[in-house]
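Each chain is listed here by its residues.
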There are 2 protein chains.
Amino acid sequence: MRTSYAVGVDVGGTRIAVGLVERKGRVVKDAKRLTPKTGPFAVVDAIIDLVEEVCSSVQPSEVAGIGIGVPAQIDFQRQSIEFCTNLPLAGVDVRSLVMSRIRQEVTIDNDGHMAALGESRYGAAKGARDFIMITVGTGVGGGIFIGGEQFRGSRGLGGEIGHTVVDLDGEPCPCGGKGHLEAYLGRPAIAAKGKEAAKQFKGRDILSAAGGDVDAVTAESVLMAARAGDPLAREILLEAGEILGRSLVGFVNIFNPRLICVGGGIGESADYMVARAAEVMQAEALAGRRDVEVVQAVLGNDAGILGAAALAFDEHDSREGLSR
Amino acid sequence: MRTSYAVGVDVGGTRIAVGLVERKGRVVKDAKRLTPKTGPFAVVDAIIDLVEEVCSSVQPSEVAGIGIGVPAQIDFQRQSIEFCTNLPLAGVDVRSLVMSRIRQEVTIDNDGHMAALGESRYGAAKGARDFIMITVGTGVGGGIFIGGEQFRGSRGLGGEIGHTVVDLDGEPCPCGGKGHLEAYLGRPAIAAKGKEAAKQFKGRDILSAAGGDVDAVTAESVLMAARAGDPLAREILLEAGEILGRSLVGFVNIFNPRLICVGGGIGESADYMVARAAEVMQAEALAGRRDVEVVQAVLGNDAGILGAAALAFDEHDSREGLSR
């Protein structure tokens, strides 16, 4: 049976957002709340409450299922959360816990994969069969589509593109490694550069974006100052774009994709950062692979919900033997 | 019809080697000669002569086809040679030229892909469905198997793993880029480090491996001195192993493979280099992905022939609708 709706759940470190989504990608009802900090069951309860809220006016039979995106490393085959840095969900069987209270099929996946699926179904990567999604936000993640399918590696843990070494003697990475892409592009890295700049006379726009308090400078302060035309803030983001571009060289040489889509809070804000990355990549990628389009993601805050809903539709259709 | 033999052709910058290969991977007859330096047609003529030589005592109907591995960037779908640094073969339709003289199906592919296929069919990666082959020789190349298939990217140009940026301000790479893996591991890089060492008192073993002439120091001098126990030569290769390991971190995080196979002239010689790479990778890869085996390739000089023959068998069988 061809159902009308799916539920997309986007579990973030700060908030949980849930949407009831039509097949064509319209969010017909949504709800969100701050992510509870009182343990895994509080998180699961919040998910269930929000799902019930958005589904209140539809019949269960109209719903294809529930997709849940988690900022975690997920063994997709086992549907288990293996590692989760910002939330206490590692080893918690979120899927079964939700299914035990709501009679719908539940599928979980990594948030970067959800963003990739969402952009490919409804956004800037629509129709692309071979593309790379990079989300630049607090962390750097994403997803890789090969021949129209999400690439998951041999155990479902693949596609973690934020943790490739781009600098041998590089900055420490939140994962414990050194010189990884995330150590240069994630919010903490941008904030650190912003703080450094804010201490200097030239960085006064960044400082005022943070209300005059150096310690309050965040990546968003830098983005805000850059939007207002501050050259130092732009320079910080252009440098990040340069490093992103250098890493794209390797991704393009390996994956030979048609399209690269840059999303996430930082990636969607700074078009000039993305443009610089594209320039740098095109100058250094091996000849013959350079005709790859680099675009910004367009789904914004809804990317997680839409990707998760798309996954729920796909899983439903594959259970029912329907083709897309 | 299930044929008995395939012909594998390994076109190198220095020599062309051709073998008549049984399905089980035994090379029953082989022939080689130096690669002609007098232009593309001389290379093609040499290939044809060698193929005729190894096939002289078998019936054409017993041969599944001819596979030709070229150190070039190849558009596999079009069977065209797009770029070729060491040989004048770019744009030359090697496949058609050989087929016009020998009535056999011909399939060409990149030499790194051939090595990956050869090791997966007959060598150290036998039976592995998800693995990465890295060839460390004059260049750094390889192939990526996903779900038992060679990964080629959207246009057949994928899998070029030697040209990922591992160091932002890094060494110039033969491809024109900067800080690529090949700039640290390829023969020229190892030779340069060997020369530097040979100029110092401590590097005397490397120097004597080169017959006492600093300018004659090659990567092979370093390998030879290391085999004889010279600590400085070993250190050069251990450092290369460390950099290889750092790059494996990214590959493992992205591909989540079961196995990594290191081959090529340098990769097959230096087991301690490969062991160091494995150590470094396992210490820095994201948790949950570290249980990947790292092995040395075993096919040696026959890797190219065997991989090319395996491709010819596969293409034959897929034309005939036979499964492997």
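Structure: above.
Everything numeric here is computed off the predicted structure, so don't read it as measured data.

Novice: Account for the overall build of chain A, naming residues and giving values.
Specialist: Each helix and strand in chain A was counted, giving 11 helices and 12 strands. Here chain A has a C-alpha radius of gyration of 20 Å; the compact-globule value for 324 residues is 20 Å, and the two agree. Seen through its C-alpha atoms, chain A measures out along the principal axes to roughly 60 × 50 × 35 Å. Here chain A, with 324 residues, has 60% of them falling under the buried criterion. Looking at chain A as shown, the accessible area adds up to about 12,700 Å², and 48% of this sits on carbon and sulfur atoms.

Novice: Give me the lowdown on the packing of aromatic side chains, citing residues and values where you can.
Specialist: Residues and elements named next belong to chain A. Following the criterion strictly, the structure yields five aromatic pairs over all chains and no others. Ring centres of Phe131 and Phe145 lie 5.0 Å apart, and the angle between their planes is 20 degrees; on these two criteria the pair is classed as stacked. You can see Phe131 sitting in strand β8 (residues 131–136) and its partner Phe145 sitting in strand β9 (residues 140–146), a full 14 residues away along the chain. Classification of Phe131 as buried rests on a relative accessible area of 1%. Residue placement shows Arg152 over the ring face of Phe76; its charged tip is 3.5 Å from the ring centre.

Novice: Tell me about empty space enclosed by the protein, and please be specific about residues and values.
Specialist: Here the idea is plain: a probe the size of a water molecule rolls over the atoms and shows the empty space left. Overall, the coordinates contain four cavities of 30 Å³ or more when judged by the stated rule. Approximately 140 Å³ is the volume found for the largest cavity. Every element with two or more residues in the lining of the largest cavity is listed here: α8 (231–255) of chain A together with α8 (231–255) of chain B.

Novice: Just give me the short version of α8(A), but keep the residues and values in it.
Specialist: Look at α8(A): 34 Å from first C-alpha to last across 25 residues, which is about the 36 Å you get at 1.5 Å a residue. The buried fraction of α8(A) is high, at 19 of 25 residues.

Novice: So, the relation of the copies chain A and chain B: which residues are in play, and what are the values?
Specialist: Both copies of the chain are related by one operation, a rotation about an axis with a shift along it. For the pair chain A and chain B, the best superposition has an RMSD of 0.0 Å and corresponds to a rotation of 180 degrees with a translation of 0.0 Å parallel to the axis. Look at the turn and shift together and you get a two-fold axis relating the two. The overlap is high: 100% of the interface residues of chain A also sit at the interface in chain B, so the same surface is used on both sides.

Novice: So what's going on with the interface of chain A and chain B? Residues and values would help.
Specialist: Contact with chain A, which involves 44 residues of that partner, is made by 44 residues of chain B. Between chain A and chain B, a total of about 3,700 Å² is buried, with carbon and sulfur atoms accounting for 57% of that surface. Looking at the side of chain A facing chain B, the largest losses of area belong to Leu168(A), Arg246(A) and Ile254(A), adding up to 19% of the total buried there. Here chain A and chain B share zero salt bridges between them. There are 20 residue pairs in polar contact (both at pLDDT 80 or more) connecting chain A and chain B. Contributing elements (two or more residues each) for the side of chain A that touches chain B: β9 and α8 of chain A. Element by element, the count of residues in the side of chain A that touches chain B is highest for α8(A), at eight residues. Along the lines of polarity and charge, the residues of the side of chain A that touches chain B split into 19 nonpolar, 14 polar and 11 charged.

Novice: Let's hear about the environment of Arg121(B): which residues, and what values?
Specialist: Residue and element names in this part refer to chain B. Looking at the element boundaries, Arg121 is found in helix α3 (residues 111–122). Given the relative accessible area of 21%, Arg121 is considered partly exposed. For the pair formed by Arg121 and Cys55, sequence separation is 66 residues and the distance between their alpha carbons is 22 Å. Reaching out from Arg121, the side chain makes a polar contact with the side chain of Asp314 at a distance of 2.9 Å.

Reading guide: rules and limits
Residues numbered from 1 in each chain as written. Chains lettered and ligands numbered in written order. Predicted model: local features only at pLDDT ≥ 70, side-chain atom pairs only at ≥ 80, totals over all residues. Heavy atoms only, no water. Helix = DSSP H or I, 4+ residues; strand = E, 2+ residues; numbered from the N terminus. Rg over C-alpha atoms; globule rule 2.2 N^0.38 Å. Buried < 20%, exposed > 50% of the residue type's maximum accessible area, 1.4 Å probe, protein only. Areas by Shrake-Rupley, 256 points an atom, 1.4 Å probe, with all protein chains shown as cover. Phe/Tyr/Trp six-rings, centres within 6.5 Å; stacked < 30°, edge-to-face > 60°. Lys NZ or Arg CZ within 6 Å of the ring centre and 35° of its normal. 1 Å grid on protein atoms, 1.4 Å probe; cavity = no way out; pocket = protein on both sides within 12 Å on 5 of 7 lines; lining within 4 Å. Points joined across faces, edges and corners; volume = space filled by probe spheres on them. Expected span 1.5 Å × (residues − 1). Least-squares fit on C-alpha atoms with pLDDT ≥ 70 in both. Contact = heavy atoms within 4.5 Å. Buried area = accessible area lost by both parts, 1.4 Å probe. Salt bridge = Lys/Arg side-chain N within 4 Å of Asp/Glu carboxyl O. Polar contact = N/O pair within 3.5 Å; in protein donor to acceptor, adjacent residues only side chain to side chain. Nonpolar A, V, L, I, M, F, W, Y, C, P; charged D, E, K, R; others polar.

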